[in-house]
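The residues making up each chain are set out below.
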Amino acid sequence: MLTVEDVQLSFGGVKALSGVSVEAAKGRITAVIGPNGAGKTSLFNVISGFYKPQSGRVVLDGEDITRLKPHARAYRGMSRTFQNIALFSGMTVLDNVKLGAHTRLTGGVLSSGLRLPSSRREEAELDAEIRRDVLGMLELDRVQNSHVEDLPYGLQKRVELARALVMRPKILLLDEPVAGMNREEKREMGRFVTDVRDRLNTTVLLIEHDMGMVMGISDHIVVLSFGKPIASGTPERIRQDPDVIKAYLGGAEDAADDKAA
Amino acid sequence: MNAFHFFIEYSIVGIASGGVYALIALGIVVIFKSSQTFNFAMGEMMMLSAYLFYTAAVTFSLGILAGMVAALLGSIVLALVIERVALRPMMGRPFIAIVMVTFGIGSIIRGVVGMIWGPNDLQIPAILARTPVLIGDFFIPGKTARAAAIAVCIVLALILYLRYSRAGVALRAAAADTITAASMGIDVRRVVAFTWVIAAITGCISGVLMANVNTLTPHLGVVALNVLAVIILGGMNSIGGVLVAGVIIGWLEAVTGLILGTEFREITPYILALLVLLVRPTGLFGSRGIERI
C-alpha cells in the first residue's frame with residue numbers, strides 16, 4: 001500500500017534519516033517507534049510531503065509520490081492527524097469533520113458558492129454519511145453540535161481522527177495519537193484505531209512514543225534509532241530484539257510504561 | 001434648512017462614501033487573511049486599474065462595458081503576476097520585509113503610470129449618472145449615491161460568496177492553519193493567488209468608481225491609506241467587519257467635516273484607529289493573535 005524506500009534526509013550536515021525503509025501493508029496497522037530524536041517526525045513529514053528527501057522514494061499504491069505537494073497527496077487518499085490538536089476552533093464537531101471531505105466534494109467554486117440544488121444535495125448526503133458512519137463509530141454522535149474547544153482533550157483527538165476518516169483515506173497517518181492522554185483515553189484511542197482497521201479495512205501507519213499502545217494494537221513495527229532502522233517485525237519479535245532493548249527499552253521491559261507517562 | 005437637516009444629509013453622503021471604502025478594504029483583508037501580507041500597493045493597484053479602464057474605453061474606444069471587462073482582466077493578470085513574482089518568494093519571511101515589498105510595488109506602479117499616462121488629470125467616461133438622488137427631502141449627489149450602491153452590492157455579494165463557497169471555506173481553513181489545510185487537500189498557494197484575484201476585482205471596481213466621483217490622476221490611490229483606518233476598526237482579518245467599519249469611518253469623516261471643518265475630516269479616522277489600537281487591537285470583529293502593523 002504505502003512504501004518508503006531507502007530515504008535519506010539531512011538538514012545541512014545533520015542526518016535526520018539515513019536508509020530508512022518502511023512498508024505499511026494493506027489493511028494493517030504499522031507502527032514506527034523510537035526514542036526522541038530518532039527521526040520519527042522527520043519520517044512522518046517526508047511521508048506527508050512537508051519535507052523532500054535527498055534520495056529515496058515514497059510510493060503510494062504503486063505511484064511515486066515523493067515529489068508531490070501535501071495537498072496533492074490528500075487527493076490520492078492520504079490523510080493524517082496531528083500530534084498537537086489541529087482543529088478549527090469556533091466551529092462545531094460536525095463542521096470540523098466536514099472539512100475533511102474537501103477532497104471528495106465535486107461541487108465547483110461557483111455551484112457551491114451559489115448553493116445550487118446539486119451541491120446542497122451533495123452536502124446533505126455528506127452530513128448523513130458522516131453521522132451514520134464516522135461519528136457513530138467513534139462515539140461522537142452525542143457531541144456533534146458542541147464547539148470543539150469545549151470538549152476534553154481525548155474527545156478532541158477523536159474529532160481529528162473522525163476528520164481524517166471522512167476523507168475515506170487509503171492510508172491513514174497518525175502522528176502520536178495518544179500523546180498527552182491519560183490511561184483511560186489511551187485505551188479508548190487504541191480501540192478506535194483497531195476499529196478503523198477492522199471495520200473500514202483502512203491501512204494505518206502510526207508514529208508513537210507510547211510502547212504500551214504500540215505493542216497492543218500494531219500488526220507490524222519498525223524501530224528507528226538515530227535516523228536509522230534497527231529492527232522490524234511483529235510486536236513479539238520487537239519485544240525480544242536485543243538491539244531494540246538496548247536502544248529504546250533501556251534493558252528493562254517495564255520501563256515502557258514509565259516512558260509512556 | 002436647519003442644522004439637523006444638514007447633519008442627516010452629510011451623514012447619508014458619508015455612509016455612501018463608506019461603501020467604496022469597504023470595497024477597497026475587502027481587497028486588503030482577504031490577502032491579509034490568506035497570507036498575513038499587508039498589501040500597501042492596494043491603492044496603486046486601484047489607480048492602475050482605473051487607467052487600464054481609461055485606455056481600453058477611450059484610447060481603444062471599446063466603450064464602457066468592454067472597457068470594464070478589459071480593465072478587470074488586466075487587473076487580475078497583473079495581481080497574479082505580482083503575487084507570483086514578488087510575494088510568493090517572500091513566503092515565510094518577516095512581516096516587515098513583505099510590507100516593504102508591497103510598498104515598493106506601489107511606488108513602481110505610481111512611477112510607471114506617471115511615465116505612461118503623464119501627471120495630468122484625465123476625464124474618464126461617465127459611467128455614473130449625475131442626477132441627484134432624493135431620499136425624502138434629503139439630497140444626495142448622484143455619482144456618490146450610485147457608486148455607493150454598486151460598491152455595497154459587490155461587497156455583500158463577495159461576503160456571501162466567501163461565507164458559503166468552498167473557496168471561502170478553503171480560505172478560512174488556510175487562514176487558521178496552513179499545515180492542516182494542506183493536509184486536507186487545500187492548495188494554500190492557490191488560496192493566496194485566489195485572494196489576489198479578489199483584491200484585483202475590488203480594486204478595479206473601486207478604482208473606476210473613485211475616478212468617476214473625482215478625476216483620474218496618479219494620486220488616486222492615496223484614498224487606500226484612508227482605508228487603513230477602516231481595516232484597523234473592523235479587524236484586519238474580518239471580512240464582514242469591513243462593511244460595518246467602512247460605513248462608520250465614512251460617516252465619521254463626513255460628520256466631523258461638517259461640525260469641525262474639513263481639515264478635521266482627514267485626521268479623525270486616524271484618531272479613531274489609534275484609539276482602537278490602544279483599546280481593542282483586534283478591531284471590532286477581528287480574531288485574536290493578528291499581527292499589528
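What counts, and at which threshold
Residues numbered from 1 in each chain as written. Chains lettered and ligands numbered in written order. Predicted model: local features only at pLDDT ≥ 70, side-chain atom pairs only at ≥ 80, totals over all residues. Heavy atoms only, no water. Pairing = 2+ DSSP bridges. Helix = DSSP H or I, 4+ residues; strand = E, 2+ residues; numbered from the N terminus. Axes fitted to C-alpha atoms, helices over the stretch in contact; angles between N-to-C directions. Contact = heavy atoms within 4.5 Å. Buried area = accessible area lost by both parts, 1.4 Å probe. Polar contact = N/O pair within 3.5 Å; in protein donor to acceptor, adjacent residues only side chain to side chain. Nonpolar A, V, L, I, M, F, W, Y, C, P; charged D, E, K, R; others polar. Parallel < 35°, antiparallel > 145°, perpendicular 65-115°, else oblique. Left-handed = near helix turned anticlockwise from the far one by under 90°. Buried < 20%, exposed > 50% of the residue type's maximum accessible area, 1.4 Å probe, protein only. Right-handed = clockwise from strand over helix to strand, strands pointing away. Patch = residues over 30% accessible without salt bridge, like charges linked within 9 Å, V, L, I, M, F, W, Y side chains within 5 Å. Areas by Shrake-Rupley, 256 points an atom, 1.4 Å probe, with all protein chains shown as cover. Salt bridge = Lys/Arg side-chain N within 4 Å of Asp/Glu carboxyl O. Lys, Arg positive; Asp, Glu negative; His and termini not counted. Charge placed at Lys NZ, Arg CZ, Asp CG, Glu CD. pLDDT = per-residue confidence, 0-100.

**Considerations on the sheet that holds strand β6 (residues 78-80) of chain A**
Residue and element names in this part refer to chain A.
In step 1: The strand order β6-β7-β8-β3-β9-β10 describes an open sheet built from 6 strands, whose pairing is mixed. Every other strand in the sheet has two partners, leaving β6 and β10 (228-233) as the edge strands with one partner each. On average, adjacent strands in this sheet sit at an angle of 20° to one another, irrespective of strand direction.
In step 2: Sheet topology places strand β9 (residues 220-225) next to β10; 5 bridges connect them, and they run antiparallel. Residue pairing in the sheet places Ser225 in a bridge with Lys228 of β10.

**Observations concerning the interface of chain B and chain A**
In step 1: Residue-level contacts link 19 residues of chain B with 23 residues of chain A.
In step 2: A buried area of about 1800 Å², summed over both sides, lies between chain B and chain A, and 67% of it is on carbon and sulfur atoms.
In step 3: Together, B:Arg166, B:Ser183 and B:Met184 form the three largest contributors to the area buried by chain B at its contact with chain A, with a combined 39%.
In step 4: Taken together, the links from chain B to chain A amount to 3 residue pairs in polar contact (both at pLDDT 80 or more).
In step 5: The element that contributes the greatest number of residues to the side of chain B that touches chain A is helix α6 (residues 166-176) of chain B, accounting for 6 residues.
In step 6: Each residue belonging to the side of chain B that touches chain A can be placed in one class, and the counts come to 11 nonpolar, 4 polar and 4 charged.

**As for the packing of helix α2 (residues 42-59) of chain B against helix α3 (residues 63-87) of chain B**
All names here are of chain B.
In step 1: Closest axis-to-axis distance for the α2/α3 pair is 8 Å, and the angle between their directions is 140°. The pairing of α2 with α3 is recorded here as oblique in orientation. Like other packed secondary-structure pairs, α2 and α3 cross with a definite hand, here right-handed. Packed against α2, whose contacting residues are Met45, Leu48, Ser49, Leu52, Phe53, Ala56 and Ala57, the element α3 presents Gly63, Ile64, Gly67, Met68, Ala70, Ala71, Gly74, Ser75, Leu78, Ala79 and Ile82 at the interface.

**Here's the deal with the pairing of strand β8 (residues 203-208) of chain A**
Residue and element names in this part refer to chain A.
In step 1: Of all the 6 residues making up β8, 6 are buried; the element is thus mostly covered by neighbouring parts of the structure.
In step 2: Alternating residues of β8 divide into Thr203, Leu205 and Ile207 and Val204, Leu206 and Glu208, and every residue in both groups is buried.
In step 3: When strand β3 (residues 29-33) meets β8, the two strands line up parallel, connected through 5 bridges. Bridging from a neighbouring strand, Thr30 pairs with Leu205 of β8.
In step 4: Where strand β7 (residues 171-175) and β8 come together, 5 bridges link them in parallel fashion. Among the inter-strand pairings, Ile171 is bridged to a residue of β8, identified as Thr203.
In step 5: As for the winding sense of the linkage, the β-α-β connection from β7 through helix α7 (residues 183-200) to β8 is right-handed.

**Here's the deal with the environment of A:Leu173**
In step 1: Within the element layout of this structure, A:Leu173 appears in strand β7.
In step 2: When sequence neighbours within four positions are dropped, the list of residues in contact with A:Leu173 reads A:Phe44, A:Ile47, A:Ser48, A:Met78, A:Ser79, A:Arg80, A:Thr81 and A:Leu205.

**A short note on a nonpolar patch on the surface**
Residues and elements named next belong to chain B.
In step 1: A surface patch of nonpolar side chains, amounting to about 920 Å² of accessible area, comprises Ile259, Leu260, Phe264, Ile267, Ile271, Leu274, Leu275, Leu278 and Val279.
In step 2: For the nonpolar patch, the secondary structure elements donating two or more residues are α10 (241-260) and α11 (262-279).
In step 3: Here the element with the most residues in the nonpolar patch is α11; it accounts for 7 residues.
In step 4: Looking at where Val279 falls in the secondary structure, it is placed in helix α11.

**Section: the side chain of A:Asp210**
In step 1: Relative to the helices and strands, A:Asp210 resides in the loop between β8 and α8 (211-217).
In step 2: Reaching out from A:Asp210, the side chain makes a polar contact with the backbone nitrogen of A:Met213 at a distance of 2.8 Å.

**As for a positive patch on the surface**
In step 1: Residues A:Lys52, A:Arg67, A:Lys69, B:Arg84 and B:Arg189 make up a contiguous surface patch of positive charge.
In step 2: As for its position among the elements, B:Arg189 is in helix α8 (residues 188-213).

**Topic: the confidence of the model for chain B**
Residue and element names in this part refer to chain B.
In step 1: Residue-level pLDDT values for chain B average 90, and 98% of them are 70 or greater.
In step 2: Counting interchain partners and residues more than four positions distant, the pLDDT-below-50 stretch residues 289-293 has 15 contacts.
In step 3: Predicted as a complex, the structure gets a pTM of 0.85 and an ipTM equal to 0.80.

**Comments concerning the pattern of salt bridges**
Residue and element names in this part refer to chain A.
In step 1: On inspection of all chains with the given rule, the structure shows 19 salt bridges over all chains.
In step 2: Where Glu129 meets Arg168, a salt bridge forms, and the shortest distance between an N and an O atom there is 2.9 Å. Taken together, the residues span a long stretch of sequence, with Glu129 in helix α5 (residues 117-137) and Arg168 in the loop between α6 (153-166) and β7 at a distance of 39 residues.
In step 3: Looking at Glu129, the relative accessible area reads 13%, which means it is buried.
In step 4: Taking relative accessible area as the criterion, Arg168 reaches 54% and is therefore assigned exposed.
In step 5: Between Asp198 and Arg197 there is a salt bridge; the shortest N-O distance is 2.9 Å.

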